[in-house]
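Per-entry structural report
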Amino acid sequence: MIDFQAARVAMVDCQIRPSDVTRFPIIEAMLHVPREAYLPVEKRSVAYMGEHVSLAGGRVLLDPRILGKMLDAVDIQPDERVLDVGCLQGYSTAVVARIAGSVVGVEDSAELVMLAEASFAGDGVANAVVVAGIMTAGAPKHAPFDVIMVQGGVEEFPAGLEAQLKVGGRAAAIFMEGSIGQCRIALKTANGLVWRRAFDATAPMLPGFGKVRAFQF
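A brief report on the enclosed structure follows. Given the structure is predicted, the values throughout are model-derived calculations rather than measurements.

**Looking at the environment of Leu206**
Summarising the element assignment, Leu206 is placed in the segment after β9 (192-200). Sequence-wise, Leu206 and Leu55 are 151 residues apart; in three dimensions their C-alpha atoms are separated by 13 Å. In this structure, Leu206 is in contact with Arg59, Val85, Gly86, Met135, Val150, Gln151, Gly152 and Gly153, ignoring residues within four places of it in sequence.

Structure below.
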C-alpha cells in the first residue's frame, strides 16, 4: 500500500526544492494537491516519480519539477486569472488554483473534462473549471487572462491564445525543436509577446501546436 502523503512530501523535498523552487505558495500547493487523484487508477503508483507520466494518446502529465519551475518562472499572483491549456485530468489546474484567484483549464476531450471536474469535487477545488474545446483556441468566453500556461510541448504559440492574454500578462510554454526544448516565459506588450528563456525542459508536442508546414512540390 503506497503512502501517498509521504510520497508527496518526498516529491517536494527531493524534487521540487532542489530544483530551486522555493516560493511558499508553490510549495504549499504541491504539498496539498493529491497528484495521484488526477491520474488513471493504473498510473497512480507512479504519480510521484521524478519524470513525465505517460498517458493515452501520446500525452504526459509533466514531471513535477518542470511544473514547479514553470510556476516559479511565471510568478502567478493571488488575484490573477489563469488559463491552463492541456490540463488532462486537472492536476496542474488544481495546483494553480491554490495560487491564483481563478483558473480555467481547457482540454479537447469531454471525458477528461468530466474526470477533472470529479477530481475537483473530491479535492474541494472551488475556484477552477475545465472546459472542452480545441486547445489552440483556448477559452475565449472566459478571457482575458493574466497568465496562460501550456502543459506540453509547442513549436509555436497560437495567435488565438495570445489574443486572450491581457497586456502586461505572462505566458509559459515548453518550446521544442526536435528533441531539444526549453521553457520560455512571455510578457504581453502592446506590440505582442516578448519571450525569454527560463530553463531547459522537454515534453511531447501537444496536438495542434506544431508549426504549419508550407506545401512543397
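Having seen it, we continue.
**Remarks on empty space enclosed by the protein**
The tally for this structure, following the rule as stated, stands at two cavities of 30 Å³ or more. Space inside the largest cavity adds up to approximately 60 Å³. Lining the largest cavity are Val60, Leu61, Leu62, Leu67, Gly86, Cys87, Leu88, Tyr91, Ser92 and Gln151. For the lining of the largest cavity, the residue count by class is seven nonpolar, three polar and no charged.

**As for the packing of helix α1 (residues 4-16) against helix α2 (residues 24-32)**
Interhelical geometry of α1 versus α2 gives an angle of 145° and a closest axis separation of 8 Å. The way α1 lies across α2 gives a crossing that is right-handed. On α2, the residues touching Arg8, Val9, Met11, Val12 and Ile16 of α1 are Ile27, Met30, Leu31 and His32. When grouped by side-chain class, the residues that make up the contact of α1 with α2 number seven nonpolar, one polar and one charged.

**Some points on the sheet that holds β9**
Read from one edge to the other, the open sheet built from seven strands follows the order β5-β4-β3-β6-β7-β8-β9, with strand pairing classed as mixed. A strand with exactly one partner marks an edge of an open sheet, and here the two such strands are β5 (128-132) and β9. Across this sheet, the average inter-strand angle for adjacent strands is 20°, counted without regard to direction. Where strand β3 (residues 81-85) and strand β6 (residues 145-154) come together, four bridges link them in parallel fashion. Considered in β6, the bridge of Val85 is made with Val150. Sitting on the sheet, helix α5 (residues 110-123) touches β4 (102-107) and β5, and the angle it makes with β5 is about 170°.

Reading guide: rules and limits
Residues numbered from 1 in each chain as written. Predicted model: local features only at pLDDT ≥ 70, side-chain atom pairs only at ≥ 80, totals over all residues. Heavy atoms only, no water. Helix = DSSP H or I, 4+ residues; strand = E, 2+ residues; numbered from the N terminus. Contact = heavy atoms within 4.5 Å. 1 Å grid on protein atoms, 1.4 Å probe; cavity = no way out; pocket = protein on both sides within 12 Å on 5 of 7 lines; lining within 4 Å. Points joined across faces, edges and corners; volume = space filled by probe spheres on them. Nonpolar A, V, L, I, M, F, W, Y, C, P; charged D, E, K, R; others polar. Axes fitted to C-alpha atoms, helices over the stretch in contact; angles between N-to-C directions. Left-handed = near helix turned anticlockwise from the far one by under 90°. Pairing = 2+ DSSP bridges.

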